[in-house]
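Structure at a glance
If you want the building blocks of each chain, they are given just below.
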Amino acid sequence: MKPNNVVIVGGGASGLAAGIHLARQGVRVKLFEARDTLGGCCSTSNVDGYTFNNGAMFVAVPRLLDHAFARLGLDRSALLPLRRIATPQASVLPDGTKITLGDRHRVRVDGERGDSRTATLQAEIERCVSKWNPLLKIFIDDLLTQPMSIARVISKAWRHLPKLRGNFADELKRSFSDPQARAALAAVTLYTGLPADRTPVFLIVGLISLLEDGLHLPEGGMGSVSRVLETTFRQLGGEVHTSTPVARIRIEGGRARGLTLENGEDIAADAVISTASGMSTFSRLIEPANVPRAMQRRVQRAPLSHRTLSIQLGLTNSLQPAAHSVNHIPLMDEQQRLLAPQPGRIEWFNYTVPTQPMPELAPSGGSIVEMFTAVDEHLPLDAWSEETKAATADAAIAALARYQPLAIATKRITSPKDYAEGMHLFGGAVYGLSPAARPDQQFPHVTPVDGLYLAGQTTYPGFGVATSVFSGVFAAEALIGQ
Ligand SMILES: Cc1cc2nc3c(=O)[nH]c(=O)nc-3n(C[C@H](O)[C@H](O)[C@H](O)COP(=O)(O)OP(=O)(O)OC[C@H]3O[C@@H](n4cnc5c(N)ncnc54)[C@H](O)[C@@H]3O)c2cc1C
């Protein structure tokens, strides 16, 4: 029987997508969000006139977002204009060599024998893109738009499966002769918190997509994605409750029956979709006696992603770096050094200037800078005092100040504790599950508890806004039995 009355925990991209999909089918949907605004990790905040991201920084694979919007009956290009970031990334190596990665396969080496090395890199890029592009297309246009199934992967991508053995570092060594170019290409996936030799080779599709399409920013910033989803959900009659944390998912007789809010109110429902992570759902939102053994084990063994400290600066001066995102990096095999705390002076770091493609995110003539700096993963969340935050951030800002003039008007520092408490990210781990998590370590959309469904970035391979939207659609489809 089709449920008539569904509640959703969490108003990020996945919760809003699930809500839209259900509301379009005539289901009555109530969505409960702990924060005072919707959008979760795909939202922005205005701080002293500067628009800072609360998580996601760019749209990496625009075609996948187009597919996700289309699945919700939305025309992405009409509702959410994207601005292309033509020069997504530049990497500066220790000897001063600079390697710039542009879209449409444009690359450049500035340094010793720059012209001949550029020509070699260009040729190697062409070969690498033609090797991986067919697989990228299969994933974007087919596999990622359906609930993941091993049988489907084999039937659609069997020709390419031998390529998927090994890690990203092995593939870069096979395909690129210049060690400095390898370092620059490896840096593209450092946002995962993993060095290239621990990054699944599959993530090379992120590099291929960057070289093909560049990166994109929605007009108005990343928060525009969620604003479109929120407007649609409300127009379809979806009920939104912000500043309303859910304390418990009520399970009675082995079935999800609704929610208990932190304010003590009970909300009855025919079914529940939780977009809090699988870890939070089964370790905090459900009475331990009602948690199925298989889910208990999955929580205990969940490989969490890295933690980080985010530093966001609002500047009164305008920065014009070589690319949207700039890395100061060592060679590929030493890049673990950028992912670990660097006591004393910071040598290796990355920064992004979203105002480069979108000046309107800062007051006229100003800029925004975003940096993530490595932290001690073993430091308990409670150890993130204001002093520890400030000291860690100051070291990263000092490193940046050696290269860029910084007239700082405002800054926001987000520690792992802030991610855990303010953004509700389990353990402060930025992506929930590690990008290296295997499909069997993900959480299922259809749980062993009747009437309880999961969506969000712990249910889906990959960890981006578009895949989160899809996860909401998949949970909603499973719920209404499509
Ligand atoms: C720092 C960072 C950078 C990123 N960069 C990119 C990027 O550049 N590009 C990209 O595509 N993706 C990026 N991502 C990933 C992307 O932002 C996420 O995959 C996506 O936004 C997740 O959406 P979601 O709905 O699954 O989860 P969330 O956005 O986390 O939404 C879940 C919501 O549930 C709410 N919630 C949790 N528990 C409760 C409760 N008990 N009661 C009520 N509400 C609750 C939370 O407050 C939150 O709003 C980044 C993520 C982070 C953190």
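All figures in this text were calculated on a predicted structure; none of them were measured in a lab. (Residues numbered from 1 in each chain as written. Predicted model: local features only at pLDDT ≥ 70, side-chain atom pairs only at ≥ 80, totals over all residues. Heavy atoms only, no water.)

This paragraph deals with helix α1 (residues 13–24). Compared with the 16 Å implied by 1.5 Å per residue over 12 residues, the 17 Å span of α1 between its first and last C-alpha is a close match. Here α1 lies mainly inside the structure; 11 of its 12 residues are buried. Buried residues of α1: Ala 13, Ser 14, Gly 15, Leu 16, Ala 17, Ala 18, Gly 19, Ile 20, His 21, Leu 22 and Ala 23, and no others. For α1, the elements touching its buried residues are β1 (5–9), β2 (28–32), α2 (62–71), α9 (223–235), β14 (271–274) and α15 (465–479). Looking one or two places after α1, you find Gly 26, whose phi comes out positive at around 85°. (Helix = DSSP H or I, 4+ residues; strand = E, 2+ residues; numbered from the N terminus. Expected span 1.5 Å × (residues − 1). Buried < 20%, exposed > 50% of the residue type's maximum accessible area, 1.4 Å probe, protein only. Contact = heavy atoms within 4.5 Å.)

What follows concerns the domain arrangement of the chain. Domains assigned within the chain are domain 1 (5–44 + 59–81 + 222–303 + 435–479), domain 2 (89–211) and domain 3 (306–430). A separation of 29 Å is found between the C-alpha centroids of domain 1 and domain 3. Taken together, the 10 residues of domain 1 in the interface contact 6 residues of domain 3. A buried area of about 640 Å², summed over both sides, lies between domain 1 and domain 3, and 66% of it is on carbon and sulfur atoms. It is Arg 35, Cys 41 and Met 279 in domain 1 that bury the most area against domain 3; as a group they hold 50% of the surface buried on that side. For the pair domain 1 and domain 3, the number of links is 0 salt bridges. Counting across the interface, domain 1 meets domain 3 through 1 residue pair in polar contact (both at pLDDT 80 or more). Here the side of domain 1 that touches domain 3 is composed, by residue class, of 3 nonpolar, 5 polar and 2 charged. (Domains from an automatic or database assignment. Buried area = accessible area lost by both parts, 1.4 Å probe. Salt bridge = Lys/Arg side-chain N within 4 Å of Asp/Glu carboxyl O. Polar contact = N/O pair within 3.5 Å; in protein donor to acceptor, adjacent residues only side chain to side chain. Nonpolar A, V, L, I, M, F, W, Y, C, P; charged D, E, K, R; others polar.)

Here Asp 48, not a glycine, exhibits a phi torsion of approximately 50°, which is positive. Relative to the helices and strands, Asp 48 is located in the loop between β3 (44–47) and β4 (50–53). Positioned with a positive phi, His 105 is a non-glycine residue whose angle comes to about 65°. Structurally, His 105 is set in the loop between β7 (98–101) and β8 (107–110).

Before going further, it helps to spend a moment on the site of the ligand. The local shell around the ligand holds 34 residues, among which Ser 14, Glu 33, Cys 41, Phe 58 and Gln 457 are the closest. One of the side-chain nitrogen or oxygen atoms of His 424 is found 2.8 Å away from an oxygen atom of the ligand. One of the side-chain nitrogen or oxygen atoms of Ser 468 is found 3.3 Å away from an oxygen atom of the ligand. Protein contact buries 93% of the 1,000 Å² of open area that the ligand shows by itself. Only α1 and α15 provide two or more residues apiece to the shell around the ligand. Two domains share the shell around the ligand, each providing at least three of its residues, namely domain 1 (5–44 + 59–81 + 222–303 + 435–479) and domain 3 (306–430). (Near = heavy atom within 4 Å. Areas by Shrake-Rupley, 256 points an atom, 1.4 Å probe, with all protein chains shown as cover.)

So, about a nonpolar patch on the surface. A cluster of nonpolar side chains, Ile 150, Ile 154 and Trp 158, forms an exposed patch at the surface whose accessible area comes to about 340 Å². Within the secondary structure, Ile 154 is located in helix α5 (residues 150–157). When its relative accessible area of 44% is taken as the criterion, Ile 154 is described as partly exposed. (Patch = residues over 30% accessible without salt bridge, like charges linked within 9 Å, V, L, I, M, F, W, Y side chains within 5 Å.)

So, about the sheet that holds strand β12 (residues 255–261). Here we have 3 strands laid out as an open sheet, ordered β11-β12-β13, and antiparallel in their pairing. Here the strands that pair on one side only, and so sit at the sheet edges, are β11 (246–252) and β13 (266–268). Taking each pair of neighbouring strands and ignoring which way they run, the sheet shows an average axis angle of 30°. Judged from the 6 bridges that link them, β11 and β12 form a sheet pairing that is antiparallel. Bridge pairing links Arg 248 to Thr 260 in β12. (Pairing = 2+ DSSP bridges. Axes fitted to C-alpha atoms, helices over the stretch in contact; angles between N-to-C directions.)

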